[in-house]
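Analysis of the macromolecular model
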Amino acid sequence: DWDASSIIEDQVKKIREKVGDAEVICGLSGGVDSAVAAALVHKAIGDQLTCVFVDHGLLRKGEVEQVKHDFVEATGIRLITVDAADDFLTALKGVTEPERKRKIIGEKFIRTFEKAQQQVLEEAGARGKEVKFLVQGTLYPDVVESGGGDGAANIKSHHNVGGLPKDIKFQLIEPLRTLFKDEVRAIGTELGLPDEIVWRQPFPGPGLGIRIIGEITKERLDLLREADAIAREELTKAGLDRDIWQCPVVLLADVHSVGVQGDERTYGSPIVLRPVSSEDAMTADWARVPYDVLATISTRITNECRQINRVVLDCTSKPPATIEWE
Ligand code: XMP
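Quick summary incoming for the structure in this document. These figures come from a predicted structure and were not determined experimentally.

Regarding helix α10 (residues 291-304)
- Between its terminal C-alpha atoms α10 stretches 20 Å, which fits the 20 Å expected from 14 residues at 1.5 Å a residue.
- Taken together, the buried positions of α10 are Ile 297, Ser 298, Ile 301 and Thr 302. Projected down its long axis, α10 shows its buried positions confined to an angular sector of 115°, all on one face. Seen from the buried face of α10, the exposed residues on the opposite side, beyond 90 degrees, are Asp 292, Ala 295, Asn 303 and Glu 304.
- On the buried face of α10, the contacting elements are α9 (218-237), β7 (257-261), β8 (264-273) and β11 (308-313).

Rendered as structure tokens:
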């Protein structure tokens, strides 16, 4: 018989015993796992925890605020945010190849986190404390996938931009290590985290960077963020959030097609909707979103995003196609 509040109690006790009066650092990605892990550790040791959030500029509309404001408000956690959007854009200039994008984003992420980590160490030092632990939101399926070894995500290594350097300076705290996703969500809710965080669908570490097919620019990111926000809003309104595993919204930035918007001929880029249903992302089927919902999304995107004159639906399963386009 599974019960969120007794798991929380149990973990709080364990974390307190383990940490003593040392300090703890935790990286937030905006996703469910790191948020719940942080909230749990914070419940146990309060201000001995400092979280670090690297804003790489590749998140979706509203997500940075969710972390910086909603999450902090719900938990009272001390948070250091690094606004690195410009840095990431500079590093990605001219890059179009997906694996190179991933590599650049992953490396830049680690470097940026390390700098913030240095700040956390110094601030703790000024309080006469030592940072000894690093929190990770490893779940049970991650442990299984990586062969039960230390440091999850060997198989998914290229996947986990949120994956931090394995730092021997720190001992790991992994309070979610025995849990499945639905259990983690239940704990997040019990800890008072906002639904937008607790029920967030899977989102890749490299973010919108791998949903712009072509070079990543500020303008393209802003455009995709708008289109993506519209699609999410309408899917939520239609009550489809928990039926759909995730719905990447992709900008085919280097493709142009002719349209007629208002009284004008336009020559704009298409947006692809990629709603999928899945159990674990290893295989997936394209989700049969009702035509009416698709129609509303399409109309709104082409009305509200001036540079988009065409919306197309990806109706391919995985395999043969992956969920993301890159
Ligand atoms: P694919 O595209 O391989 O995606 O079918 C399977 C799942 O993994 C997510 N994904 C990623 N997650 N970093 C991540 O953290 C990545 O580079 C990455 N690429 C894909 C994808 O969103 C889906 O849930």
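This is not the end of the story, as more comes after the structure.
Observations regarding the sheet that holds strand β3 (residues 78-83)
- Spatial strand order, β3-β2-β1-β4-β5: five strands in an open sheet with parallel pairing. Because the sheet does not close on itself, it has two edges, and the strands there are β3 and β5 (171-173). For this sheet the average axis-to-axis angle between neighbouring strands, irrespective of direction, equals 30°.
- Where strand β4 (residues 131-135) meets β5, three bridges bridge the pair, whose relative direction is parallel. By the bridge assignment for β5, Leu 134 is matched with Leu 172.
- In this fold helix α2 (residues 32-45) packs onto β1 (23-28), β2 (49-55), β4 and β5, with an angle of close to 160° to the strand it touches most, β1.
- Seen against the sheet, helix α5 (residues 98-126) touches β1, β2, β3 and β4 and runs at an angle of roughly 150° to β2.

Side note on the nonpolar core
- With 69 residues, the main nonpolar core has Val 24, Cys 26, Val 36, Ala 38, Val 41 and Ala 227 as its most contacted residues.
- In terms of residue count, α2 provides more of this core than any other element does, ten residues in total.
- Built from parts of two domains, this core gets at least three residues from each of domain 1 (4-198) and domain 2 (211-313).
- Excluding residues within four positions of it along the chain, Cys 26 makes contact with Ser 34, Ala 37, Ala 38, Val 41, Leu 49, Cys 51 and Val 135.
- Core analysis: the next-biggest nonpolar cluster, separate from the first, contains five residues, Ala 284, Ala 287, Val 289 and Ile 323 among them.

Basis of the calculations
Residues numbered from 1 in each chain as written. Predicted model: local features only at pLDDT ≥ 70, side-chain atom pairs only at ≥ 80, totals over all residues. Helix = DSSP H or I, 4+ residues; strand = E, 2+ residues; numbered from the N terminus. Expected span 1.5 Å × (residues − 1). Buried ≥ 20, exposed ≤ 12 C-beta atoms within 10 Å, placed from the backbone. Arc of directions from axis to C-beta. Contact = placed C-beta atoms within 7 Å. Pairing = 2+ DSSP bridges. Axes fitted to C-alpha atoms, helices over the stretch in contact; angles between N-to-C directions. Core = buried A, V, L, I, M, F, W, Y, C linked by C-beta atoms within 7 Å. Domains from an automatic or database assignment.

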